Amino acid sequence: MNPPHAAPALLTATDVHKTYGSTPALDGAGFTIRAGEIVAVMGPSGSGKSTLLHCLSGIVPPDSGTIHYAGHDLGALSDAERSALRRTDFGFVFQFGQLVPELTCTENVALPLRLTGVPRKEAERRATEWLTRLEVQDVRHHRPGQISGGQGQRVAVARALVNDPRVLFADEPTGALDSLNGERVMQLLVAAAQETGTAVVLVTHESRVAAYSHREVVVRDGRARDMAGAA
Amino acid sequence: MHSSYTRGVYLMCIVLRMSISHTLLGLLEAGPRHGYDLKRAFDSHFGQDRALHYGQVYSTMSRLLKNGLVEVDAVEPGGGPERKRYAITDAGVTDVAAWLARPEKPEPYLQSLLYTKVVLALLTHRDADALLDVQRAEHLRLMRELTVRKTGGDLADQLICDHALFHLEADLRWLELTAARLDRLASEIRP
């Protein structure tokens, strides 16, 4: 698993500040990720790592500073344009509660494709392919309440990757799983991302999860420090 | 059996001696001291489990003198043997700096050595945060290697790598906690 040094920067944050009320969450944070790269964002609780992920993905606008993605300044885009970008170019995996309980696993995975206008049959065919890749094809007709936490997280990874995003944002993707299930989810997630050349921003406080990355960035007191040159 | 035991003890003594040399050098950086004061300072900071023998202090000082890392700053005649006061040389300061900056090879039961480094960094007003960051990066580098090996390996590989990974993870948790407590530690060891 070699880092793609030669690839150009895909997503860059420069001097990003974000305050919630009177609490500064980010205080001049910087960040860069290249195509196909997996970067772990680490740091203690409350250090600002989830806020950094939200700013990088355009969910939350920073108070100041810039986020550039593939030549676009996210701050210069309208809300509608940022939402469209999130649907087509970004994928998301969170720790909890991301699947729609009323839909089957196949329908859940097909959902991002349906939202971009892919016909139902084609969307479900591609969803089934991804469920197979994540080794959960057996539960494709089940609803989220009928499957285990580990299976649910694999379905969530399939849904995040089904529209071939260029960046996958994963916020504590194994935080609710036991060691064995967490491990398998990470192995499948990394293998799938490497195969498709998807960059992964992996927020985690677990070093064994961060060990799947090419490099780590440590967020402390709202500032991000790239550890590539530390050792 | 006997030879492997002897070799184990021998290696342990070498490791211990290397660590004591750097520790005593680091303590000297704060200012010249007599051998007796050095032993007291060592015991006070690091001798919770095992106090240093006077013999260890003087044999270490004699080696450091020979290597040019310390010099005799003053000699005070007394009723008994002459009392030497030792001072660290520029070469000694460079040696301590290099030792503190160099990450240790990650292995189980590393904490006492890392603890020593953190305390000395604080006592000598160096950047203890940076020391912990360097060590964290070194641990994660090894964890990445083990993760790659585990992912491509058979069950035996997976189990062996997992054992090492869990130990390294425990070290990393200790590094995190220590980083969070540096200010408090600094205020306790710098009265």
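Chains are numbered independently. Their residues run from 1 in the order of the written sequence. Following the order in which they are written, the chains are lettered starting with A and the ligands numbered starting with 1. Totals for whole chains, interfaces and linings use all residues, but because this is a predicted model, local features are given only for residues with pLDDT of at least 70 and pairs of side-chain atoms are given and counted only at 80 or more. Heavy atoms throughout the structure, all of them, feed into the side-chain values; hydrogens and water do not.

(A) Structural view of the overall build of chain A. Secondary structure elements follow DSSP: runs of H or I no shorter than four residues count as helices, runs of E no shorter than two count as strands, and numbering proceeds from the N terminus. Helix and strand counts for chain A stand at seven helices and 10 strands. Only the C-alpha atoms count toward the radius of gyration. The rule for a globule is 2.2 Å times the residue count to the power 0.38. Taken over C-alpha atoms, the radius of gyration comes to 17 Å for chain A, in line with the 17 Å a tight globule of 231 residues would show. Over its C-alpha atoms, taken along the principal directions, chain A stretches across nearly 45 × 40 × 40 Å. Counting across all 231 residues of chain A, residues that qualify as buried make up 52%. Only protein chains enter the accessibility calculation, which uses a 1.4 Å probe; a residue whose area is less than 20% of its type maximum is buried, one above 50% is exposed, and one in between is partly exposed.

(B) Spotlight on the pattern of salt bridges. For salt bridges, the criterion is a side-chain nitrogen of Lys or Arg within 4 Å of an Asp or Glu carboxyl oxygen. Overall, the coordinates contain 25 salt bridges over all chains when judged by the stated rule. Where R133 of chain A meets E195 of chain A, a salt bridge forms, and the shortest distance between an N and an O atom there is 2.7 Å. Remark: E195 of chain A occurs in helix α6 (residues 179–196) and R133 of chain A occurs in helix α4 (residues 120–133); sequence separation between them is 62 residues. The partner of E145 of chain B in a salt bridge is R141 of chain B, and the shortest N-O contact between them spans 2.6 Å. Taken as a pair, E145 of chain B and R141 of chain B lie in helix α6 (residues 128–152) at a separation of four residues, close to a single helical turn. You can call E145 of chain B partly exposed: its relative accessible area is 44%. Residue classification places R141 of chain B among the partly exposed positions, given a relative accessible area of 36%. Several salt bridges share partner residues, and in doing so they unite R220 of chain A together with D129, D133, R136 and E176 of chain B into one network.

(C) View of the nonpolar core. One finds L24, M61 and L122 of chain B to be the most contacted residues of the largest nonpolar core, which totals 47 residues. Of the residues forming this core, the biggest block, seven residues, is contributed by helix α5 (residues 111–123) of chain B. Looking at which domains feed residues into this core, each of domain 1 (1–101) and domain 2 (103–191) of chain B supplies at least three. Working rule for contacts: check all heavy atoms of both residues, and any pair within 4.5 Å makes them a contact. The residues touching L24 of chain B, leaving out its near neighbours within four places in the chain, are L38, F42, L52, V57, T60 and M61 of chain B. Ranked by size, the runner-up nonpolar core spans 37 residues in total, among them C105, V118, A192 and A193 of chain A. Within this scheme, the nonpolar core is defined by two criteria: the residues are buried Ala, Val, Leu, Ile, Met, Phe, Trp, Tyr or Cys, and they are joined through side-chain atoms within 4.5 Å. Where each domain starts and ends comes from a domain assignment, either automatic or drawn from a database.

(D) Fine view of the packing of helix α5 (residues 149–161) of chain A against α6 of chain A. Residues and elements named next belong to chain A. Every axis in this analysis is a line fitted to C-alpha atoms, fitted for helices over the stretch in contact. Angles between the N-to-C directions lie between 0 and 180 degrees. Running from N to C, α5 and α6 point in directions that differ by 15°, and their axes come no closer than 10 Å. As summarised for this structure, α5 and α6 are arranged roughly parallel, according to the angle between their axes. Considering only the axes of α5 and α6, their crossing is right-handed. Across from G150, Q153, R154, V157 and L161 in α5, the residues of α6 making contact are N181, R184, V185, L188, L189 and A192. Along the lines of polarity and charge, the residues of the contact of α5 with α6 split into six nonpolar, three polar and two charged. To sort the angles, those under 35 degrees are grouped as roughly parallel, those over 145 as roughly antiparallel, those from 65 to 115 as roughly perpendicular, and the leftovers as oblique. Whether a crossing is left-handed or right-handed is set by the direction in which the near helix is turned from the far one by less than a right angle, anticlockwise for left-handed and clockwise for right-handed. Amino acids are sorted into nonpolar (Ala, Val, Leu, Ile, Met, Phe, Trp, Tyr, Cys and Pro), charged (Asp, Glu, Lys and Arg) and polar (every other residue, Gly among them).

(E) Inspection of the interface of chain B and chain A at higher detail. Counting residues at the interface gives 18 residues for chain B and 20 residues for chain A. Note: buried area is the sum, over both parts, of the accessible area (probe 1.4 Å) each one loses when the two are combined. A combined buried area of about 1,700 Å² lies between chain B and chain A, and 54% of that area is made up of carbon and sulfur atoms. The largest share of the area that chain B buries against chain A comes from D133, L140 and R144 of chain B, three residues that together contribute 30% of it. There are five salt bridges connecting chain B and chain A. The shortest N-O distance in the salt bridge between D133 of chain B and R220 of chain A comes to 3.2 Å. As used in this structure description, the phrase polar contact means that two N or O atoms lie within 3.5 Å; if the pair is within protein, one of them must be able to donate a hydrogen and the other to accept it, and residues adjacent in sequence are counted only when both atoms belong to side chains. If you look at where chain B meets chain A, you find five residue pairs in polar contact (both at pLDDT 80 or more). Those elements that place two or more of their residues in the side of chain B that touches chain A are α6 and α7 (155–180) of chain B. Here the side of chain B that touches chain A takes 13 residues from α6 of chain B, the largest share from any one element.

(F) Quick peek at the sheet that holds strand β3 (residues 83–88) of chain B. Residues and elements named next belong to chain B. One bridge is not enough; two strands pair if DSSP finds at least two bridges between them. Reading across from one edge, β1-β3-β2 is the order of the three strands in this open sheet, with antiparallel pairing throughout. Every interior strand has two partners, whereas the edge strands, β1 (33–34) and β2 (70–76), have only one. Bridge analysis of β2 against β3 gives six bridges, and the strand direction is antiparallel. Across the sheet, V72 pairs through a bridge with Y86, a residue of β3. Each of β2 and β3 touches helix α3 (residues 54–66); the most contacted strand, β2, lies at about 120° to it.

(G) Region of the structure containing the sheet that holds strand β7 (residues 167–171) of chain A. Residues and elements named next belong to chain A. With respect to topology, six strands assemble into an open sheet ordered β6-β7-β8-β3-β9-β10, the strand pairing being mixed. Of all the strands in the sheet, the pair left with one neighbour each is β6 (90–93) and β10 (223–226). Ignoring strand direction, the axes of neighbouring strands in this sheet form an average angle of 20°. Inspection of the sheet shows strand β9 (residues 215–220) paired to β10 by four bridges, in the antiparallel sense. Across the sheet, V217 pairs through a bridge with D226, a residue of β10. The strands touched by α6 are β3 (38–42), β7 and β8 (199–203); relative to β8, the strand with the most contacts, the crossing angle is about 150°.

(H) A look at the packing of aromatic side chains. Stacked, edge-to-face and tilted labels apply to pairs of Phe, Tyr and Trp rings (six-membered ring for Trp) whose centres lie within 6.5 Å, assigned for plane angles under 30 degrees, over 60, and everything in between, in that order. Going through the model one piece at a time under the given rule, you end up with six aromatic pairs over all chains. Here the aromatic rings of Y69 of chain A and F90 of chain A are separated by 5.0 Å at their centres, their planes lie at 80°, and the arrangement is edge-to-face. In this pair, Y69 of chain A is assigned in strand β4 (residues 64–69) and F90 of chain A in strand β6, connecting sequence segments 21 residues apart. Since its relative accessible area comes to 3%, F90 of chain A is described here as buried. Measuring from centroid to centroid gives 6.0 Å for Y36 of chain B and Y54 of chain B, while their planes differ by 20°, and the two rings are stacked. Highlighted residues: Y36 of chain B in helix α2 (residues 35–46) and Y54 of chain B in helix α3, separated in sequence by 18 residues. Among the aromatic residues, ring-to-ring pairing joins Y69, F90, F92, F94 and F169 of chain A into one connected group. Both a distance and an angle decide whether a charge sits over a ring: NZ of Lys or CZ of Arg must be within 6 Å of the ring centre and within 35 degrees of the ring normal. Over the ring of W130 of chain A we find R133 of chain A, and its NZ or CZ is 4.1 Å from the ring centre. Its end group placed over the ring of Y54 of chain B, K39 of chain B keeps NZ or CZ at 5.4 Å from the ring centre.

Geometric values such as these leave the question of function open.
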